[in-house]
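Results of the structural survey
Residue-level listing of the chains:
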Amino acid sequence: MLKTALFMRPHTESLRDGTVTPRTFDFDFEEVPDVPAMIKAFRRMVRSLDFDLSEMAMTTYLCARAYGKPFTAIPVFPMRAFHHGAILYNTQAGVRTPKDLEGKRVGVKRGYTVTTGLWARGILQHEHGVDLGAVTWVLSGDEHVAEYRPPANTVSIEPGRTLEQLLASGEIAAAIGVQVDSPDVKPLIPNAREAAFEVLRQRGLYPINHTVVVRNDRLEANPDLPADLFNAFAEAKRIYVRRLKEGGVAAPDPVHAGVMDITGDPLPYGIEPNRTTLDAIVQYSVEQGILPEPIAVDDLFPRSTLALTA
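Scope of this entry: the structure provided in the associated data block. Just so it is clear, the model here is predicted, and its values are computed rather than measured.

**Quick notes on the pattern of salt bridges**
Tallied over the full model, the rule gives 24 salt bridges. Residue Asp142 is joined to Arg43 by a salt bridge in which the shortest nitrogen-to-oxygen separation is 2.7 Å. In this pair, Asp142 sits in the loop between strand S7 (136-139) and strand S8 (154-156) while Arg43 sits in helix H2 (residues 35-48), placing the two residues 99 residues apart along the sequence. By relative accessible area, Asp142 is classed as partly exposed at 46%. With its nearest N and O atoms 2.6 Å apart, the salt bridge here joins Arg218 to Asp52. With a gap of 166 residues between them, Arg218 in helix H7 (residues 216-221) and Asp52 in the loop between H2 and strand S3 (53-57) connect regions that are remote in the sequence. Given a relative accessible area of 7%, Asp52 falls into the buried group. One network of salt bridges, in which partners are shared, links Lys3, Glu30, Arg44 and Asp50.

Here it is, written out as structure tokens:
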């Protein structure tokens, strides 16, 4: 039995209900009912290895690897999202284009290493030419990896305040990963979903948010575990994609539907189908000070999974 922390989605539900049964182990699921519980699970895994197997934010995993945390990811990516729409700005803050964020304060929900923050900053830098070092990043929380220290151009939010308050009042020019109901707050990038789909078409970037990690001692005890785990997630995904194509998924994820129209696969697993995106997340992590130096993508995963795709 592997103690498992996994947020249930339509493409992983078959793992919990027993439709898909791994060959060499059994799941022992801990209830992860919502996003706050999922975030706590990431932290528990990083800081105290509370699980044998855990979903984890991709940037948390990269940062954890840099600090020698004893777990390894398999190339399964149960959560993906586009982040062009994650950047909101105050229309009274003197911002007309993303470049206008230089010299201003921009909020980041939770810590600097949060994956949405990484992808959003990458969009600002690589699509709009923003000098990330010229922005002061205001953080509303700490980091999952306690040893990590964010760059010098970050500050913590003032006690008792929220990013939503600061953005609505114009005390910060923009924020990543928040929701604000104010006539002065709008998305920085118009037509965000189509902009994201165009990047997928032109550059092949389909941002990865989460992966799945396994304690190294469990991997060492069962050499067949990485491939068995990959295959179980892959089979659960196949069931979901088949239902999605047949119209059997209630309220399907619009991202999945849009990606499937472009690439044919809303949830590619394995290294090769995701190499462009994995290379980008490593590159952005180095550029943004989350990783001290590059790491080869193949070194992030067990050797027995390097050729697996689904």
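**Notes on the sheet that holds strand S1 (residues 2-5)**
Read across the sheet, 5 strands follow the order S2-S1-S3-S11-S4 without closing on themselves; strand pairing throughout is mixed. The open sheet has two free edges, formed respectively by strand S2 (27-30) and strand S4 (71-80), since each of these has just one partner strand. Across the sheet, the axes of successive neighbouring strands diverge by a mean angle of 30°, strand direction being ignored. Note that S1 and S2 share 4 bridges and pair parallel. Across the sheet, Thr4 pairs through a bridge with Phe29, a residue of S2.

**Here's the deal with the pairing of strand S5 (residues 87-90)**
Both faces of S5 are covered, namely the face carrying Ile87 and Tyr89 and the face carrying Leu88 and Asn90. Pairing of S5 with strand S9 (residues 174-176) involves 3 bridges; the strand directions are antiparallel. Looking at the pairing, Tyr89 lines up with Ala174 of S9. Bridge count for S5 against strand S10 (residues 185-187) is 3 bridges, and the pairing is antiparallel. Bridge pairing links Asn90 to Val185 in S10.

**Points about the environment of Val145**
Among the secondary structure elements, Val145 is positioned in the loop between S7 and S8. Val145 sits in the buried class, given a relative accessible area of 2%. In sequence terms Val145 and Asp100 are 45 residues apart; their C-alpha atoms lie 31 Å from each other. When residues no more than four places from it in sequence are discounted, the contact partners of Val145 are Val46, Thr60, Cys63, Ala64, Tyr67 and Lys69.

**Details of helix H3 (residues 58-66)**
With respect to burial, H3 is a largely interior element, 7 of its 9 residues being buried. Along H3, the positions that sit buried rather than exposed are Met58, Thr59, Thr60, Tyr61, Leu62, Cys63 and Ala64. Along its buried surface, H3 packs onto H2, S3, S4, helix H4 (115-128), strand S11 (208-215) and helix H10 (275-287).

**Notes on the packing of helix H6 (residues 192-203) against helix H9 (residues 254-263)**
Contact geometry for H6 and H9: axes closest at 11 Å, N-to-C directions at 35°. Crossing angle aside, the handedness with which H6 passes H9 is right-handed. Within the contact between the two elements, H6 uses Arg193, Phe197, Leu200 and Arg201 and H9 uses Pro254, Val255, Gly258, Val259, Ile262 and Thr263. Residue classes in the contact of H6 with H9 are distributed as 6 nonpolar, 2 polar and 2 charged.

Calculation rules
- In this convention, every chain numbers its residues from 1, walking through the sequence in written order.
- Local features are withheld for residues below a pLDDT of 70 in this predicted model, meaning they are given only at 70 or higher, and side-chain atom pairs are given and counted only at 80 or more; totals for whole chains, interfaces and linings count all residues.
- Just so you know, side-chain values use all the structure's heavy atoms and leave hydrogens and water out.
- Definition used for salt bridges: Asp or Glu carboxyl oxygen within 4 Å of a side-chain nitrogen of Lys or Arg.
- Secondary structure is summarised from DSSP: a helix means a run of H or I of at least four residues, a strand means a run of E of at least two, and numbering begins at the N terminus for each.
- Residue exposure (1.4 Å probe, protein chains only): buried if accessible area is under 20% of the type maximum, exposed if over 50%, otherwise partly exposed.
- Pairing between strands is defined by DSSP: at least two bridges between them are needed.
- A fitted line through C-alpha atoms serves as each axis, taken over the contacting stretch for helices, and the angle formed by two N-to-C directions is quoted from 0 to 180°.
- Throughout, a contact is declared for two residues whenever any of their heavy atoms are within 4.5 Å.
- Crossings are classed by handedness, with left-handed meaning an anticlockwise turn of the near helix from the far one by less than a right angle and right-handed meaning a clockwise turn.
- Three categories are distinguished: nonpolar for Ala, Val, Leu, Ile, Met, Phe, Trp, Tyr, Cys and Pro, charged for Asp, Glu, Lys and Arg, and polar for the others, with Gly belonging to the last.

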